[in-house]
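Structural overview
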Amino acid sequence: MNNILAITYKELKSYFASPIAYVVIGLYALVYGYYFYAAVRFFERQSMQMAGLGVGAPSVNINEQLIRPVFQYSMVVFLIVLPMITMRTYSEEKRSGTMELLLTAPITDFQIIMGKFLGAMGLYASMLGVTVVHMALLYWVSTPEWMPIVTSYLGLLLMGGCFMAVGLLISSLTKNQIVAVVATFAVFMMLWMINWIAQFMSPTSQAVLNYLSITGHLEDFMGGVIDTKHVVYYLSFIAFGLFLTARSVDVERWRG
Amino acid sequence: MIEVQHLTKHYGPVTAVQDVSFKAERGEILGFLGPNGAGKTTTMRIITGYMPPTDGKALVAGYDVLEQPLEAKRRTGYLPEMPPLYPDMTVGDYLMFCARIKGVPRGERANRVKTTMDRTRIADVATRQCAKLSKGYRQRVGLAQALLHNPDVLILDEPTAGLDPKQIIETRRLIKELGGEHTVILSTHILPEVSQTCQRVVIINKGRVVAVDTPENLTSRLQGAGSLYIEVDSMGAEAKDTLSSIPGVTGVSVSERRGSTIGYEVATAADRDVRRELASTVVGRGWGLLELRPMRMSLEEIFLSLTTEETEAPTAAAEAAHE
């Protein structure tokens, strides 16, 4: 465990020693903040209109009509930003020769991978941390239900974990960071869109595609429900991704 | 301390190392000599556990690097050809990180990092970013990293590459100090480095070991029958015949001629030292004796003869190596 944390600490340190962490978190905060502002203004107008209709009009729900869309949007931003977190995890080590340091130190491949995974998750979590501020602002002016917010964060963390696992795998396959970031981005997009054609397919393929969709499993979390089915999906996705990364590092060793 | 048995490594169709075997005892400094692409780095990477061999095995302190990698790696310090530095980290942070993953206990880390920095003379750059270091400092930080956990075995891949002459001398001195308590394998293609620092040399070419011996033995073995160089002045025409008639001399040939000065190469029987007779003959005749020295094959020449052509000598040397 100490070895895993040593790697995690090193990863976080190098994210924050280089511009990567600041660019990623800063730009995310900017884009997300702008969207949040727009969403709040839109929601405000909707509430006014509903109030204008007088007694008997359907009431607005801040959780369903503001918070949920905001989370869904942030998921899309993560699709674009997360490849930049994982792109250098392995590529950079291979390019600068530090892979030799890690692979000849008395630590296991698994510890290296877990350390890197947790480091990337740490940076991702601090990005999510930025959005907590926005949610807190909502409590100042309204009283949203807290359960869907907590489960949404849990869901986003799990989904981000899947993206990180894929990103690590792709980074372990190449020395070139540009290749890593572009390939990771393409795979993320596919994982996001994979069930968009489901409605035109046979019921079986529809079920399969829906199950594969990495973002589809987020819906229940956004609605405030923690379903074991989705937790299992995300955790096994992460485990499989990290397992393939371990194999990829091993293959690299044998090939030399 | 280090035992390499019949190591073979293929990269796809390319054979990098073929049936390499050698041993290094505790406290020994072993030179690993060979032209570029001979398989030095591959062999070192296998010993450090960076990559597995296709066949054969490597043992460090009795631990098989493939079967018990953690035990073996705990006892190994490795300086790769390119020092493995993190450009964003400061030297101090970098060494602290290395100490941590190499299993130096928490309480000792700071102290160990400090003493290692003093030993490799990098304390003055402790707060500098690795990316901003000169080549000499990078190399020494890499060396510090290899020494941190006080390993039994040190594997140094061209430790003096890219250093200036003063740094080279300092680094060689440090390596010599390290021998004795650590077993050191150092690869190089700089030959004087081997004769200056190493007790034994493994010469490797095209993935095969062509010779294992001390630098002195290698020199004398390839020497075969001894030969002498003698330079004389103002001698008579019969000089060559006179020299040839000395008992023990098997052949005389002119190797250099400068005005009235002539340099002869004198071949002698293997077990006879004819220097005294040679000198007294020349002086007795009233000629000027300007120079008399044994003609040693330099390590360079041995190296070239071992790695460029298949003469009888290397084969004999290689056979001797396997004993």
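Quick summary incoming for the structure in this document. (Residues numbered from 1 in each chain as written. Chains lettered and ligands numbered in written order. Predicted model: local features only at pLDDT ≥ 70, side-chain atom pairs only at ≥ 80, totals over all residues.)

What follows is about the overall build of chain A. The helix and strand inventory of chain A stands at 11 helices and 0 strands. For chain A, the N- to C-terminal ordering of α and β elements is α-α-α-α-α-α-α-α-α-α-α. In terms of principal-axis extent, the alpha carbons of chain A reach across some 75 × 45 × 30 Å. The buried share of chain A, reckoned over its 256 residues, is 37%. In chain A, once contacts between residues fewer than 6 apart in sequence are set aside, the share between residues at least 24 apart is 80%. (Helix = DSSP H or I, 4+ residues; strand = E, 2+ residues; numbered from the N terminus. Buried ≥ 20, exposed ≤ 12 C-beta atoms within 10 Å, placed from the backbone. Contact = placed C-beta atoms within 7 Å.)

Here we take up the sheet that holds strand β12 (residues 249-258) of chain B. Either a parallel or an antiparallel arrangement is found when strands of a sheet pair, and the pairing is made through backbone hydrogen bonds. Residues and elements named next belong to chain B. Reading across from one edge, β12-β13-β11-β14 is the order of the 4 strands in this open sheet, with antiparallel pairing throughout. Edge positions in the open sheet fall to β12 and β14 (288-294), since each of these has one partner strand only. Shown here is a sheet whose adjacent strand axes are inclined to one another by a mean of 20°, direction ignored. With 8 bridges joining them, β12 and strand β13 (residues 261-268) adopt antiparallel strand pairing. Residue pairing across strands places G251 opposite A267, the latter belonging to β13. (Pairing = 2+ DSSP bridges. Axes fitted to C-alpha atoms, helices over the stretch in contact; angles between N-to-C directions.)

Moving on to unusual backbone geometry. All names here are of chain B. The phi torsion at D19 lies on the positive side, around 50°, for a residue other than glycine. Positioned with a positive phi, N150 is a non-glycine residue whose angle comes to about 50°. On the secondary structure map, N150 appears in the loop between α5 (135-147) and β7 (153-157).

Facing the 19 residues of chain A at the interface are 23 residues of chain B. Those elements that place two or more of their residues in the side of chain A that touches chain B are α1 (2-17), α5 (98-104) and α11 (228-255) of chain A. Within the side of chain A that touches chain B, the residues separate by chemical class into 8 nonpolar, 8 polar and 3 charged. (Nonpolar A, V, L, I, M, F, W, Y, C, P; charged D, E, K, R; others polar.)

Our next topic: the environment of L169(A). Residue and element names in this part refer to chain A. When you line up the elements, L169 lands in helix α7 (residues 147-173). By C-beta crowding, L169 is classed as buried, having 26 other C-beta atoms within 10 Å. As for L169 and T89, which are separated by 80 residues in sequence, their C-alpha atoms are 9.6 Å apart. Those residues in contact with L169 that sit more than four places away from it in its chain are G241, L244, T245 and S248.

With that settled, consider the nonpolar core. Most often, soluble globular proteins have nonpolar side chains that are buried together. By size, the foremost hydrophobic cluster in this structure holds 126 residues, and its most contacted members are A165(A) and V202(B). For this core, the leading source of residues is α7(A), giving 13 residues. Residues V252(B), Y264(B), V266(B) and V282(B) belong to the second largest nonpolar core, which totals 9 residues. (Core = buried A, V, L, I, M, F, W, Y, C linked by C-beta atoms within 7 Å.)

The next thing to look at is the packing of helix α6 (residues 109-141) of chain A against α7(A). Residue and element names in this part refer to chain A. Where α6 contacts α7, the axes come no closer than 10 Å and their chain directions differ by 145°. In the crossing of α6 with α7, the sense of the turn from one axis to the other is right-handed. Between α6 and α7, the residues in contact are I113, K116, F117, A120, M121, Y124, A125, L128 and M135 and I149, Y153, L156, L157, G160, G161, M164, A165 and L168, respectively. Looking at the contact of α6 with α7, its residues break down into 15 nonpolar, 2 polar and 1 charged. (Left-handed = near helix turned anticlockwise from the far one by under 90°.)

In short, shape yes, function no, at least from these values alone.
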